[in-house]
Amino acid sequence: MIKEIQLRLDPRTAHFPDAVEEVVAKQEGIMRRRLRGVRIIKRSIDARKEKVMVNLKVRAYIDEPMGNDHLVPPIVYRRVKGDRQAVVVGAGPGGLFAALRLIELGVKPIVLERGKNVKDRRLDVAAISRNGIVNPDSNYCFGEGGAGAYSDGKLYTRSKKRGSVERILGIFHQHGASEDILIDAHPHIGSDKLPGIIENMRNTILDNGGEVHFNTRVTELKINDNNEVTGVKCATGEEFDGPVILATGHSARDVYQMLYDANIFMEEKGIAVGVRLEHPQHLIDQIQYHRSGGRGDYLPAAEYSFVTQIDDRGVYSFCMCPGGIVVPAASEPGQLVVNGMSPSTRGTYWANSGMVVEVRPDDVPKRFHQHGILRVMRFQEALEQRCFQMAGNSQCAGAQRMLDFVQGKPSKLIPPSSFAAGLQPSRLDQWLPQFISHRLTKAFKLWGRQAKGFLTNEAIVIGVETRTSSPLRITRDSELLHHIDVKGLYPCGEGAGYAGGIVSSAIDGERCAEALSQCIMHNAQCTMHNA
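(A) Structural context of the pattern of salt bridges. For the coordinates displayed, the defined rule picks out 42 salt bridges. A salt bridge links Glu 465 to Arg 276, with the shortest nitrogen-to-oxygen separation between them at 2.8 Å. With Glu 465 in strand 20 (residues 460-465) and Arg 276 in strand 12 (residues 271-280), this residue pair connects regions lying 189 residues apart in the sequence. By the burial criterion, Glu 465 is buried, and Arg 276 matches it.

(B) Spotlight on the packing of helix 7 (residues 253-261) against helix 9 (residues 375-390). As a packed pair, helix 7 and helix 9 sit with axes 12 Å apart at the nearest point and diverge in direction by 150 degrees. As summarised for this structure, helix 7 and helix 9 are arranged roughly antiparallel, according to the angle between their axes. The handedness of the crossing between helix 7 and helix 9 comes out as left-handed. Of the residues in helix 9, those touching helix 7 at Arg 253, Tyr 256 and Gln 257 are Met 377, Arg 378, Gln 380, Glu 381 and Glu 384. By residue class, the composition of the contact of helix 7 with helix 9 is two nonpolar, two polar and four charged.

(C) Region of interest: the side chain of His 188. Examined against the element boundaries, His 188 turns out to sit in the loop between helix 5 (162-174) and helix 6 (194-207). A polar atom in the side chain of His 188 sits 3.5 Å from the side chain of Arg 346.

(D) How the structure looks around the sheet that holds strand 7 (residues 218-223). The antiparallel open sheet is built from three strands, whose spatial order is 7-8-9. Here the strands that pair on one side only, and so sit at the sheet edges, are strand 7 and strand 9 (239-241). Strand after strand, the sheet turns through a mean of 25 degrees between neighbouring axes, direction not considered. As defined by bridge partners, strand 8 (residues 229-234) adjoins strand 9 across three bridges and the pair is classed as antiparallel.

(E) Here's a closer look at the environment of Phe 214. Along the chain, Phe 214 turns up in the loop between strand 6 (211-213) and strand 7. C-alpha separation for the pair Phe 214 and Cys 396, spaced 182 residues apart in sequence, amounts to 30 Å. In this view, Phe 214 contacts Glu 113, Gly 115, Lys 116, Asn 117, Glu 144 and Arg 202; residues no more than four positions away in its chain are not counted.

(F) Fine view of the nonpolar core. Counting 58 residues, the largest nonpolar core has Phe 172 and Ile 245 as its most contacted members. In terms of residue count, the dominant contributor to this core is helix 14 (residues 502-530) (nine residues). Counting 53 residues, the second largest nonpolar core, distinct from the first, contains Ala 302, Met 320, Phe 379 and Phe 435.

(G) Fine view of helix 4 (residues 121-131). Buried residues of helix 4: Arg 121, Asp 124, Val 125, Ala 127, Ile 128 and Ser 129, and no others. Close packing links the buried residues of helix 4 with strand 15 (325-328). Gly 132 occupies a position one or two residues after helix 4 and carries a positive phi of about 70 degrees.

(H) Structural view of the packing of helix 3 (residues 93-104) against helix 6. Running from amino to carboxyl end, helix 3 crosses helix 6 at an angle of 30 degrees, the nearest separation of the two axes being 10 Å. Classified by the interaxial angle, the pair formed by helix 3 and helix 6 is roughly parallel. As helix 3 runs across helix 6, the sense of the crossing is left-handed. Across the interface between the two elements, Leu 96, Phe 97, Ala 99, Leu 100 and Ile 103 of helix 3 pack against Ile 198, Met 201, Thr 204 and Ile 205 of helix 6. Residues that form the contact of helix 3 with helix 6 fall into these classes: eight nonpolar, one polar and no charged.

(I) Structural detail: the confidence of the model for the chain. In this model, the chain carries an average pLDDT of 95, and 97% of its residues clear a pLDDT of 70 or more. Ignoring residues within four places in sequence, the model shows residues 526-531, a span with pLDDT below 50, making zero contacts including any to other chains.

(J) Summary view of helix 6. Its 14 residues give helix 6 an end-to-end C-alpha distance of 20 Å, which sits within 8% of 20 Å, the value for a rise of 1.5 Å per residue. When we look at burial in helix 6, the residues that qualify are Leu 194, Pro 195, Ile 197, Ile 198, Met 201, Arg 202, Thr 204 and Ile 205. Among the residues trailing helix 6, Gly 209 stands out with phi positive, at a value near 95 degrees.

(K) Summary view of the pairing of strand 14 (residues 313-321). Burial within strand 14 is extensive, with seven of its nine residues counted as buried. Where strand 13 (residues 307-310) hands over to strand 14, the hairpin turn is made up of two residues, of which Asp 311 adopts a positive phi near 50 degrees. In this structure, strand 14 lies alongside strand 17 (residues 350-359), joined through five bridges in antiparallel fashion. Each residue of the ladder has a partner; that of Val 315, found in strand 17, is Val 357.

(L) Spatial organisation of the sheet that holds strand 5 (residues 108-112). Across the sheet, five strands lie side by side as 6-5-4-10-22; this open sheet has parallel pairing. Each having just a single partner strand, strand 6 and strand 22 (489-491) make up the two edges of the open sheet. Strand after strand, the sheet turns through a mean of 20 degrees between neighbouring axes, direction not considered. Pairing between strand 10 (residues 244-246) and strand 22: three bridges, direction parallel. Considered in strand 22, the bridge of Ile 245 is made with Tyr 490. Helix 3 contacts strand 4 (85-89), strand 5 and strand 10 of the sheet and is inclined by roughly 165 degrees relative to strand 5.

Parameters and conventions
- Residues numbered from 1 in each chain as written.
- Predicted model: local features only at pLDDT ≥ 70, side-chain atom pairs only at ≥ 80, totals over all residues.
- Heavy atoms only, no water.
- Salt bridge = Lys/Arg side-chain N within 4 Å of Asp/Glu carboxyl O.
- Helix = DSSP H or I, 4+ residues; strand = E, 2+ residues; numbered from the N terminus.
- Buried < 20%, exposed > 50% of the residue type's maximum accessible area, 1.4 Å probe, protein only.
- Axes fitted to C-alpha atoms, helices over the stretch in contact; angles between N-to-C directions.
- Parallel < 35°, antiparallel > 145°, perpendicular 65-115°, else oblique.
- Left-handed = near helix turned anticlockwise from the far one by under 90°.
- Contact = heavy atoms within 4.5 Å.
- Nonpolar A, V, L, I, M, F, W, Y, C, P; charged D, E, K, R; others polar.
- Polar contact = N/O pair within 3.5 Å; in protein donor to acceptor, adjacent residues only side chain to side chain.
- Pairing = 2+ DSSP bridges.
- Core = buried A, V, L, I, M, F, W, Y, C linked by side-chain atoms within 4.5 Å.
- pLDDT = per-residue confidence, 0-100.
- Expected span 1.5 Å × (residues − 1).

And the structure:
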């Protein structure tokens, strides 16, 4: 008999498989020898009360051997022919999952990535911290794997489409991710593991008849007299034909400018802007697990999530990275942007999170209004340039102790940080836009009251965090998913304004692939009927 059982255990018991089996046998009232195996299929931590508990859902094998069944069945990919093809612009999660889904549907994907492959990209990422050099086509935002490849690999999503989420997690697992991502309530791969998984996905695309081209930046859409996209032109001089899935990410400002210049309809949208806040991880452990000893031997590095409304605007934590590091995430020279990431072990000394304020288009200062629908993007860009200038035209970011920021005081010394490019004292409280800094100050005071010890000068704020979402939406048909005016163009993922994070981008990539495939099949049927 196979039986699924809910358990609520202390962290030490939950940590040891033998102890879990003992609990299962006792709860079921059976002799231990009848239990042939126990498999954990769901796991979450409940730290709401002083006594922290671990919730497990397990599959118990009673009087029968433990099977090798998959929590999510693997997908069988079959080699595609070249008679039907599509262009996928961008090799982030939206583009990669679109390409894999196209293969399933019998359509050959041609993936065009402006940056380098995920292995070679590492050198350019390292050069930002070591030498202050930003390659505009290969950095934390651009290159194989997209922004998610080197920013933590968190797979938690608020998407309600559970079947779609499990499918995405299953594909990650199929390509090398730990089975833990199918089990944990807040799944996480880690920035050290993701590159290998991304490379495996690329190999699946290539092995099944797809193409992947690196260092191939798209500069123009090919649009016929029927206002339909038929392919793309690239900076290399190459051209590729087929309907286009545009999955370029939220930082591809040149793509937004390209679409704007081509009079392709887009809508401005809000973003969120703020700082990256870094604490010693042990302080967060003490706060979240309600004990001075922190997490102990059997609990993971603690996470947190804060959200509030200050003066009619949302203020919230974003992309929280327990046991992580803060990284420089500029995508062009002359910018300073920060982000966070965690290795798979989440084992560093620090915890960090974006702390950001909602910015609506009408909040943007009037001097940017001359840019029309690009005004939010130009405000975002100008703030990153301002941050770079305040850092002495370097990647050595400005920082301020958290309590000093709230009290409007200078910080003479900055404590040790994970930020490899280096930090320097800076009055972020003064040079950040006032409508940002005053809301952060109020939110920090509130959260300091809610979580004793959170507001402290042991923590630092680092500027500036701006790449939270796309500043524009490339508007598409709600059902057919192609652009509302231009057929053959499928705006996809975060860059199109339809996703936020790795999993939701991957889901959107699959949806766009399915819509494109259906359109190809419909057009083929119409051609056969007319013939």
